[in-house]
Amino acid sequence: MFEAASRDSSVIVKVGRGGDTLSIQLEPRAMDLTPPDLANRIVRLNTLAYLKSQLALRLEMEQNRSQVTIPLPTEAQVEAYAGTIDF
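Residues numbered from 1 in each chain as written. Predicted model: local features only at pLDDT ≥ 70, side-chain atom pairs only at ≥ 80, totals over all residues. Heavy atoms only, no water.

## A word on the overall build of the protein chain
Within the protein chain one finds 2 helices and 3 strands. Seen through its C-alpha atoms, the protein chain measures out along the principal axes to roughly 45 × 25 × 20 Å. Per element, the accessible surface of the protein chain, about 5,500 Å² overall, is 52% carbon and sulfur. Within the protein chain, the 11 negative side-chain charges are centred at a point lying 3 Å from the centre of the 9 positive side-chain charges. (Helix = DSSP H or I, 4+ residues; strand = E, 2+ residues; numbered from the N terminus. Areas by Shrake-Rupley, 256 points an atom, 1.4 Å probe, with all protein chains shown as cover. Lys, Arg positive; Asp, Glu negative; His and termini not counted. Charge placed at Lys NZ, Arg CZ, Asp CG, Glu CD.)

As structure tokens, then:
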């Protein structure tokens, strides 16, 4: 399972190994957000958790010395995306 959370942990998203969304947890602080802001945070955190799951697949393939022939994110790409999450 791969997780991404807002800085205050008011929005937490978890995805499975295959990138499927498993859960979205909203804490009371999240209810203070406007609907567009809440939706934006959920989508962006879900994307980050998904990228983490895809990075894990890449790293597993590289560890097994398999050639990565499908577009999977690198560690630098995941870190760069994570750096855009400022909430």
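## Overview of the packing of helix H1 (residues 35-63) against helix H2 (residues 75-82)
Packing of H1 against H2 leaves a shortest axis separation of 10 Å and a crossing angle of 165°. What the angle tells us is that H1 and H2 run roughly antiparallel. Judged by the twist between their axes, the crossing of H1 over H2 is left-handed. Listed contacts from H2 to Arg 44, Thr 47, Leu 48, Leu 51, Lys 52, Leu 55 and Leu 59 of H1 are Glu 75, Val 78, Tyr 81 and Ala 82. Here the residues of the contact of H1 with H2 are counted per class, giving 7 nonpolar, 1 polar and 3 charged. (Axes fitted to C-alpha atoms, helices over the stretch in contact; angles between N-to-C directions. Parallel < 35°, antiparallel > 145°, perpendicular 65-115°, else oblique. Left-handed = near helix turned anticlockwise from the far one by under 90°. Contact = heavy atoms within 4.5 Å. Nonpolar A, V, L, I, M, F, W, Y, C, P; charged D, E, K, R; others polar.)

## Notes on unusual backbone geometry
Leaving glycine aside, a negative phi is the common case for residues, and trans is the common case for peptide bonds. Although it is not a glycine, Ser 9 adopts a positive phi angle of roughly 60°. Tracing the backbone shows Ser 9 in the loop between strand S1 (2-5) and strand S2 (11-15). For Ser 9, a relative accessible area of 34% translates into the label partly exposed. In this structure, Arg 65 takes a positive phi of about 60° despite not being glycine. Tracing the sequence through the fold places Arg 65 in the loop between H1 and H2. (Buried < 20%, exposed > 50% of the residue type's maximum accessible area, 1.4 Å probe, protein only.)

## Structural notes on the nonpolar core
Core analysis: the largest hydrophobic core is formed by 15 residues, its most contacted members being Val 11 and Leu 45. Of all the secondary-structure elements, those providing two or more residues to this core are S2 and H1. Counting residues per element, this core draws most heavily on H1, which supplies 7 residues. (Core = buried A, V, L, I, M, F, W, Y, C linked by side-chain atoms within 4.5 Å.)

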